[in-house]
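Summary of the model geometry
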Amino acid sequence: MISRRGVLAGSAALFGLTAVGVGAGRAAAANHPALRAGYRFLDTAMDVHYPAYGELRLPQSYTDEAGFYASAYTADAALAALAYLADGTDASVARAKTIGDSLRYAQEHDPAYRDGRLRESYTVGPYDNKNGVVQANGFVQPDGLVNAGNVFDHSGSVTGDQALAGLALLALARRGLGAAYGTAAVALGDWVVANCSSDSRLGGFRAGVDRAGAALTRTDTAHNAVLAAFFGQLAAFTGAKVWTERRDKATAFVTAMWQGTFYASGSYDGVLAAAFPVTTEAQTVPVLALRSTARTAGLDYVTSALTTTDASASPNSVLTAGQTATGVTFSDWSRQADPDQPIEPGLSRPDPDAVWYAGSAQLAAALLSRGGTGDRTAAFTHLTALVDVQARFVGGRTAGAKPAPTGEGLIAASGPLHTGVAESGYYPYRHVGTTAWFLLAASGRNPYALDRKPPV
């Protein structure tokens, strides 16, 4: 599980000088060995079933050892596209365009719907799940329809995924790569408004629909923050005032979630805020997505209450003797998970001290965005730790049965981590979404903000 490679030379010094630089500084950061290694992992994840299953494709979210088979989660694909655009090389922009084309195709060739939505996940290659289930197709099936969902039937449509995919599509459209990307983004926004708008007291937009198409009643703080950013960009892109009104509706919900020192994670009924569990993303995402209108003290709450250190002595730890890992956890309830009960039936038992690495990257990006006293130094500490994680933690050796070179890509968590929300978790295997968050944060890019000038 763990390799013996050391920290990449000079990482702290380079990040300290260039993580939020411009011009030549940004170019130096983009060429840092840790970032190039991260992009190579994204390339590997994109190409595991290419060219055998066609040009259209999404990155396989995890290395094979995670047991998610050939699953590509929409949120991971959108983050990868935004990370590729942040890189800005011709090769990276071409890969972002392929992801955008594939998301557009999924909208138009869903096996059940033609209303603009995207599914939570897609199957992008063949698998044999060892329980008698054999799946032989790629992302585009022989009948031309996309392979919606995955072996776990994650085939619902989540509000935050629609917004994140929409942001990636708008970024492609603004690059002048085709008006169709903007049209697809508008369709995503229209679907959210038509199917997820809440008329409950707290307003905002509900979390989406489940695999059967039934509306989810929860309204989520992080989802609404991303929607506010997405709708704001749709307003700028289309010039239509109605998107500004929808942005304000999402923003008002996030504002109502403020609890004095942190944002509540959302509301289960649209009437009362669910103050607990307190999640990291409910603090980081509003700062990045709402920027000047967000409360930022939640970042201090994350630092003081949601920071954890994993060690070999921790329950169910996968670390070896003498190794430690420090960063943030997913929620305060993650720390209270019962180490004797599997996170999900048939899967690992949780390590309550496990670190959630996408959260560490989000916190670094949010601290850089806030820019207060000590924020820059704290952000670089997190980024340097992530460089070390990428160098040391193998977290799976193959993707689509093809080699996944060590030292490329970040694992989702330092050990099996219970989110504290339903039966869900993150595991110590290399992950596209976590790697993309690291690349964005280390490049000084905010995935929810209008893109700045590409790196030079």
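Okay, so let's go over this structure.

What counts and what doesn't
Residues numbered from 1 in each chain as written. Predicted model: local features only at pLDDT ≥ 70, side-chain atom pairs only at ≥ 80, totals over all residues. Heavy atoms only, no water. Helix = DSSP H or I, 4+ residues; strand = E, 2+ residues; numbered from the N terminus. Expected span 1.5 Å × (residues − 1). Buried < 20%, exposed > 50% of the residue type's maximum accessible area, 1.4 Å probe, protein only. Contact = heavy atoms within 4.5 Å. Salt bridge = Lys/Arg side-chain N within 4 Å of Asp/Glu carboxyl O. Axes fitted to C-alpha atoms, helices over the stretch in contact; angles between N-to-C directions. Left-handed = near helix turned anticlockwise from the far one by under 90°. Core = buried A, V, L, I, M, F, W, Y, C linked by side-chain atoms within 4.5 Å. Polar contact = N/O pair within 3.5 Å; in protein donor to acceptor, adjacent residues only side chain to side chain.

**Quick look at helix 5 (residues 90-108)**
Over its 19 residues, helix 5 extends 27 Å from the first C-alpha to the last, a length consistent with the 27 Å expected when each residue adds 1.5 Å. Along helix 5, the residues that are buried comprise S92, V93, R95, A96, T98, I99, G100, S102, L103, Y105, A106 and Q107. Of the surrounding elements, those touching the buried residues of helix 5 are helix 3 (33-47), helix 4 (74-87), strand 2 (121-123), helix 6 (159-174) and helix 7 (179-196).

**Quick notes on the pattern of salt bridges**
For the structure shown, the criterion picks out 18 salt bridges. D375 is paired through a salt bridge with R370; the nearest N and O atoms lie 2.8 Å apart. Take R370: its relative accessible area is 24%, and that puts it in the partly exposed class. Linked by salt bridges that have partners in common, D43, D47, E55, R57 and R95 make up one network.

**Re the packing of helix 3 against helix 14 (residues 432-442)**
Two numbers describe how helix 3 lies on helix 14: the axes approach to 10 Å, and their chain directions differ by 145°. Considering how the two elements wind past one another, helix 3 and helix 14 form a crossing that is left-handed. Contacts between helix 3 and helix 14 pair A34, L35, G38, Y39, F41, L42 and A45 from the former with V432, T435, F438, L439 and A442 from the latter.

**Looking at the nonpolar core**
If you look at the biggest cluster of nonpolar residues, it comprises 119 residues, and the most contacted ones within it are L42, L58, I99, F230, F438 and Y448. Of the residues forming this core, the biggest block, 11 residues, is contributed by helix 4. Ranked by size, the runner-up nonpolar core spans seven residues in total, among them Y62, F68, Y73 and I343.

**Thoughts on unusual backbone geometry**
The omega angle of the peptide bond from Y50 to P51 is 5°, so this bond is cis rather than trans. Its place among the elements puts P51 in the loop between helix 3 and strand 1 (71-73). Of note, the bond from F276 into P277 is cis; its omega dihedral lies within 30 degrees of zero at 0°. Despite not being glycine, N316 shows a phi value in the positive range, around 60°. Among the structural elements, N316 can be located in the loop between strand 9 (307-311) and strand 10 (324-328).

**With respect to the side chain of S121**
With respect to the secondary-structure elements, S121 resides in strand 2. With relative accessibility at 0%, the residue S121 sits in the buried group. Among the polar contacts listed, one links the side chain of S121 to the side chain of N150, at a separation of 3.5 Å. Only 2.7 Å separates the side chain of S121 from the backbone oxygen of H154, close enough to count as a polar contact. Once you skip the residues sitting within four places of it in the chain, S121 turns out to touch A72, Y73, T74, A148, G149, N150 and H154.

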